[in-house]
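Structure assessment
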Amino acid sequence: MSIIQNKMKVSIAYVLKENGRILEEIPASHPFVYIHGYSNIITGLENALEGKKIGDRFSVDIPCEIGYGKYRDDLVLNVPKEELRDIGELWLGMELEMFQDNDIREFQLPDNAEDFFKGLNLENFDDNEENQEECEGIYTIKEILKDTVIVDGNHPFAGKNLSFDVEIVDIEEPSFTELETGVPDEADDEFDDDYNNKNLWN
């Protein structure tokens with residue numbers, strides 16, 4: 001019988017809560033799919049899933065330190081609209097990928113699911129200014145002002161202590177492409193079709 005271990009493709013259903021309040025619910029009929037061991041999901045949940053089998057159900061409490069991280073004020077940026085002129089139309093909730101090279105930064109739309117996964121700020125960061133490049137990643141537009149746009153690089157669940165009720169729906173061998181990228185093939189397809197209409201994976 002297959003068990004969850006590194007380099008396995010895993011499908012899960014879950015209910016995500018904060019203090020008993022449901023924040024997100026993914027049903028077994030449309031499960032969340034990921035490749036285990038690639039750090040594409042939060043550390044606390046990935047650790048809890050290790051060794052589980054198809055059909056297993058469990059609950060786990062995950063503090064923010066091994067979840068979506070502490071909320072970082074330095075990831076909230078006030079960006080001149082001129083800096084985003086190449087993006088085109090802007091709207092609240094829009095996600096942008098930010099790159100930084102020395103004193104130059106650039107915002108663009110993520111090209112595919114792999115870039116989006118890698119851009120999510122799910123790691124635990126040092127407060128050290130020497131790690132300025134770690135501010136790169138996915139930023140969400142929170143407010144559009146006259147001349148500037150406020151963007152937030154924190155995950156929406158940053159700073160929250162969470163609990164998951166999880167069901168293991170499926171475990172299978174990933175394709176060669178999935179092993180290379182660490183991203184399920186179907187995630188790339190959904191991303192290409194629906195990126196401008198949906199907030200995926202966050």
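Residues numbered from 1 in each chain as written. Predicted model: local features only at pLDDT ≥ 70, side-chain atom pairs only at ≥ 80, totals over all residues. Heavy atoms only, no water.

Concerning the overall build of the chain
What counts here: For the purposes of this entry, the term helix denotes a DSSP run of H or I that reaches at least four residues, the term strand denotes a run of E that reaches at least two, and both are numbered from the N terminus. Per-residue accessibility, obtained with a 1.4 Å probe over protein chains only, is compared with the maximum for each type, and a residue is labelled buried under 20%, exposed over 50%, and partly exposed between these values. Contacts: residue pairs with any heavy atoms within 4.5 Å of one another.
Assigned secondary structure in the chain consists of four helices and 10 strands. The helix and strand sequence of the chain, counted from the amino end, reads β-β-β-α-β-β-β-β-α-β-β-β-α-α. Per-residue burial for the chain yields a buried fraction of 43% across its 202 residues. Excluding contacts between residues fewer than 6 apart, the proportion of contacts in the chain whose partners are at least 24 apart in sequence is 71%.

Observations regarding the pairing of strand β6 (residues 95-101)
Rule in force here: A pair of strands is labelled paired if DSSP reports no fewer than 2 bridges between them.
When you tally the buried positions in β6, you get five out of seven residues, the bulk of the element. In this structure, β6 lies alongside strand β8 (residues 137-144), joined through four bridges in antiparallel fashion. Each residue of the ladder has a partner; that of E95, found in β8, is T140. The pairing of β6 with strand β7 (residues 104-108) spans five bridges and is antiparallel. Opposite M98, over in β7, you have F107 as the bridge partner.

A short note on the nonpolar core
Just so we agree on the cut-off: The criterion is simple. A nonpolar core is a set of buried Ala, Val, Leu, Ile, Met, Phe, Trp, Tyr and Cys residues joined through side-chain atoms within 4.5 Å.
Core analysis: the largest hydrophobic core is formed by 23 residues, its most contacted members being I12, L45, L49, F164, V166 and I168. When contributions to this core are tallied by element, the ones reaching two or more residues are β1 (9-18), β3 (32-35), α1 (43-49), β4 (57-62) and β10 (162-172). Top element by residues in this core is β10. It accounts for five residues. With sequence-adjacent residues up to four places away left out, F164 is seen in contact with Y14, V15, L16, I42, L45, F58, S59, V60, I62 and Y68.

Comments concerning the pattern of salt bridges
Put simply, the test is: The term salt bridge refers to a pairing of a side-chain nitrogen on Lys or Arg with a carboxyl oxygen on Asp or Glu at a separation within 4 Å.
Applying the stated criterion across every chain yields a total of nine salt bridges. With its nearest N and O atoms 2.8 Å apart, the salt bridge here joins E178 to K9. In this pair, E178 sits in helix α3 (residues 176-181) while K9 sits in strand β1, placing the two residues 169 residues apart along the sequence. Looking at K9, the relative accessible area reads 9%, which means it is buried. In this structure, E82 and R85 form a salt bridge, with 3.2 Å as the shortest nitrogen-oxygen distance. The class of E82 is exposed, set by a relative accessible area of 52%.

Describing the packing of aromatic side chains
To keep things clear, this is the line we draw: We call Phe, Tyr and Trp rings a pair once their centres come within 6.5 Å, taking the six-membered ring for Trp, and we label the pair stacked below 30 degrees between planes, edge-to-face above 60, and tilted otherwise. Only lysine NZ and arginine CZ atoms are considered, and such an atom sits over a ring when it is within 6 Å of the ring centre and within 35 degrees of the ring normal.
Evaluation of the coordinates by the stated rule reveals four aromatic pairs. For K52, the ring lying beneath its charged end belongs to F58, and the centroid distance is 4.6 Å.

Here we look at the sheet that holds strand β5 (residues 76-80)
We count it as follows: Axis lines are fitted to C-alpha atoms, over the contacting stretch for helices. Their N-to-C directions set the angle, which ranges from 0 to 180 degrees.
Reading across from one edge, β5-β9-β8-β6-β7 is the order of the five strands in this open sheet, with antiparallel pairing throughout. In this open sheet, the two edge strands, each paired with only one partner strand, are β5 and β7. Averaged over neighbouring strand pairs, the angle between their axes works out to 40° when direction is ignored.

Things to note about the confidence of the model for the chain
For residues with low pLDDT, the predicted coordinates do not support detailed interpretation. The test is simple: For every residue, the predictor reports its confidence as pLDDT, a number between 0 and 100.
Residues at a pLDDT of 70 or more form 80% of the chain, whose mean pLDDT is 85. Residue range residues 191-202 is modelled with pLDDT below 50. Its contacts to residues more than four positions away, or to other chains, number 33 contacts.

So, the environment of H155
Spelled out, the test is: Under the rule applied, a polar contact is a pair of N or O atoms within 3.5 Å (in protein, one hydrogen donor and one hydrogen acceptor; residues adjacent in sequence only if both atoms are side-chain atoms).
Within the fold, H155 resides in the loop between β9 (148-152) and β10. A relative accessible area of 6% places H155 in the buried class. Separated by 15 residues in the primary sequence, H155 and T140 place their C-alpha atoms 8.8 Å from one another. Only 3.0 Å separates the side chain of H155 from the backbone nitrogen of F157, close enough to count as a polar contact.

Here we look at the side chain of N154
Mapped onto the elements of the fold, N154 is located in the loop between β9 and β10. For N154, a relative accessible area of 8% gives the class buried. A polar atom in the side chain of N154 sits 2.8 Å from the backbone oxygen of R72.

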